[in-house]
Amino acid sequence: MKVSPRATLVAVCLLMIAGLLVAGCTTTEQAPETTTLTVFTAASLTGAFTDIGKAYEAENENVKVDFIFDGSQTLRTQIEQGANADIFVSASTKHMKALQDGGFMENSTVTPFLGNSLALIVPVDNPAGITSVADLSKPGVKLVIGTKDVPFGDYTRQMFDKMVADSAYGQAYKDAMMANVVSEETAVSSVVPKLALGEADAAIVYKSDVSKDDLTKVTRIEIPAAYNVVATYPLGILAESPSKAEAESFIAFVRGPDGSAILTEYGFDPIPA
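Residues numbered from 1 in each chain as written. Predicted model: local features only at pLDDT ≥ 70, side-chain atom pairs only at ≥ 80, totals over all residues. Heavy atoms only, no water.

**Focus: empty space enclosed by the protein**
No. 1: A full pass over the atoms with the stated rule returns one cavity of 30 Å³ or more.
No. 2: Taken as a whole, the largest cavity holds about 80 Å³ of empty space.
No. 3: Lining the largest cavity are 15 residues, with Ala43, Ser44, Gly71, Pro151 and Phe152 positioned closest to its centre.
No. 4: Here the residues of the lining of the largest cavity are counted per class, giving nine nonpolar, five polar and one charged. (1 Å grid on protein atoms, 1.4 Å probe; cavity = no way out; pocket = protein on both sides within 12 Å on 5 of 7 lines; lining within 4 Å. Points joined across faces, edges and corners; volume = space filled by probe spheres on them. Nonpolar A, V, L, I, M, F, W, Y, C, P; charged D, E, K, R; others polar.)

**Some remarks on the pattern of salt bridges**
No. 1: Applying the stated rule across the entire model yields ten salt bridges.
No. 2: Put simply, Glu106 and Lys244 hold a salt bridge, and the shortest N to O gap is 3.9 Å. A residue pair is termed long-range when its members are at least 10 positions apart, and Glu106 in the loop between α4 (93-101) and β4 (111-123) and Lys244 in helix α8 (residues 244-255) qualify at 138 residues.
No. 3: Given the relative accessible area of 30%, Glu106 is considered partly exposed.
No. 4: Between Asp161 and Lys174 there is a salt bridge; the shortest N-O distance is 3.0 Å. On the criterion of sequence distance, the pair formed by Asp161 in helix α5 (residues 151-164) and Lys174 in helix α6 (residues 170-179) is long-range, its members being 13 residues apart.
No. 5: Residue Asp161 is classed as partly exposed on the basis of its relative accessible area, which comes to 43%.
No. 6: Shared partners join several salt bridges into a network, and the residues in it are Glu185, Lys194 and Glu199. (Salt bridge = Lys/Arg side-chain N within 4 Å of Asp/Glu carboxyl O. Helix = DSSP H or I, 4+ residues; strand = E, 2+ residues; numbered from the N terminus. Buried < 20%, exposed > 50% of the residue type's maximum accessible area, 1.4 Å probe, protein only.)

**Some remarks on the nonpolar core**
No. 1: One finds Leu45, Phe49, Phe113, Leu136, Phe250 and Leu263 to be the most contacted residues of the largest nonpolar core, which totals 64 residues.
No. 2: Top element by residues in this core is β4. It accounts for six residues.
No. 3: Setting aside anything within four residues of it in sequence, one finds Leu136 in contact with Leu120, Ile130, Val141, Leu143, Tyr173, Met177, Asn180, Ala202 and Ile204.
No. 4: Core analysis: the second largest hydrophobic core is formed by ten residues, Phe40, Ile79, Val110 and Leu238 among them. (Core = buried A, V, L, I, M, F, W, Y, C linked by side-chain atoms within 4.5 Å. Contact = heavy atoms within 4.5 Å.)

**Focus on the pairing of strand β5 (residues 143-146)**
No. 1: Residues Leu143 and Ile145 line one face of β5 and the alternating positions Val144 and Gly146 line the opposite face, and both faces are buried.
No. 2: Note: β5 against strand β6 (residues 181-185), four bridges, orientation parallel. Within β6, the position partnered with Leu143 by the bridge is Val181. (Pairing = 2+ DSSP bridges.)

**Quick word on the packing of aromatic side chains**
No. 1: Throughout the structure, instances matching the rule amount to 13 aromatic pairs.
No. 2: Judged by centre distance (5.2 Å) and plane angle (90 degrees), the rings of Tyr56 and Phe250 are edge-to-face. Here Tyr56 is found in helix α2 (residues 46-59), whereas its partner Phe250 is found in helix α8, with 194 residues between them in sequence.
No. 3: Here Tyr56 falls in the buried class, since its relative accessible area comes to 1%. (Phe/Tyr/Trp six-rings, centres within 6.5 Å; stacked < 30°, edge-to-face > 60°.)

**Observations regarding the side chain of Ser72**
No. 1: If you trace the backbone, Ser72 turns up in helix α3 (residues 72-80).
No. 2: Among residues more than four places away in sequence, those in contact with Ser72 are Ala42, Phe88, Ser90, Ala91, Ser92, His95 and Pro151.

**Comments concerning the layout of surface pockets**
No. 1: The calculated volume of the largest pocket comes to roughly 540 Å³.
No. 2: Counting only elements with at least two residues in the lining of the largest pocket, the list comes to α2 and α7 (191-196).
No. 3: Of the residues forming the lining of the largest pocket, the biggest block, three residues, is contributed by α7.
No. 4: Looking at the second largest pocket, its volume works out to about 190 Å³.
No. 5: Taken together, 14 residues form the lining of the second largest pocket, with Ala83, Asn84, Ala85, Leu238 and Glu240 sitting closest to its centre.
No. 6: Along the lines of polarity and charge, the residues of the lining of the second largest pocket split into seven nonpolar, five polar and two charged.

Next comes the structure, spelled out in structure tokens:
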């Protein structure tokens, strides 16, 4: 069959166009893949780390930070049972050490980065007329604390023990105060709402738990340093994390000037790197 010169020219042009299209496809740069960091974080850090995550993502477009907020003991249990995470941020050295001893952490990355202390909070209208920790043993006062297994509940009990050792208070004070406990919570995030709704007269939480918005609902009363307990927060990378480089970058941001400024704003005391 005889092919006309015009048909031949058309076929050649089509082949050239196809070649250019293929070349264009092979030279187009692939968009970098997004890495998701899963950060198991103590509930008391919810506000601060939510803001830190947003600030970090703004500077690192290819990293998404996915936070799981809960009590440190709950997060520890989930990790021990096989939950996948890249970073663990604990409100207690005890729970972090348990994971280190169990081989779950990249131990060389674990470090204390934050301090926090306890505070007494009451509703703004303060119906029980509480002005100090001494008033917590008065009959009829409805007190909320943490369970003994969560860090803020553990630290609260350590505070009570310090007061027992002081003759100005003693065991009778502690017994009367514990008799006034109407609820023991597993996460600090559920405490302020109870006071705001009038379900309790007072609660003992971390000082950082009182946000700017909460100040319209509750009043914070300082606990004397002689009885207060300073909590140390450690953080570190999980041994099985598939994104250790990104995890190191996030931790550096947390401990850097931007992260430290956010933590300070929320009432925490950053520990210098």
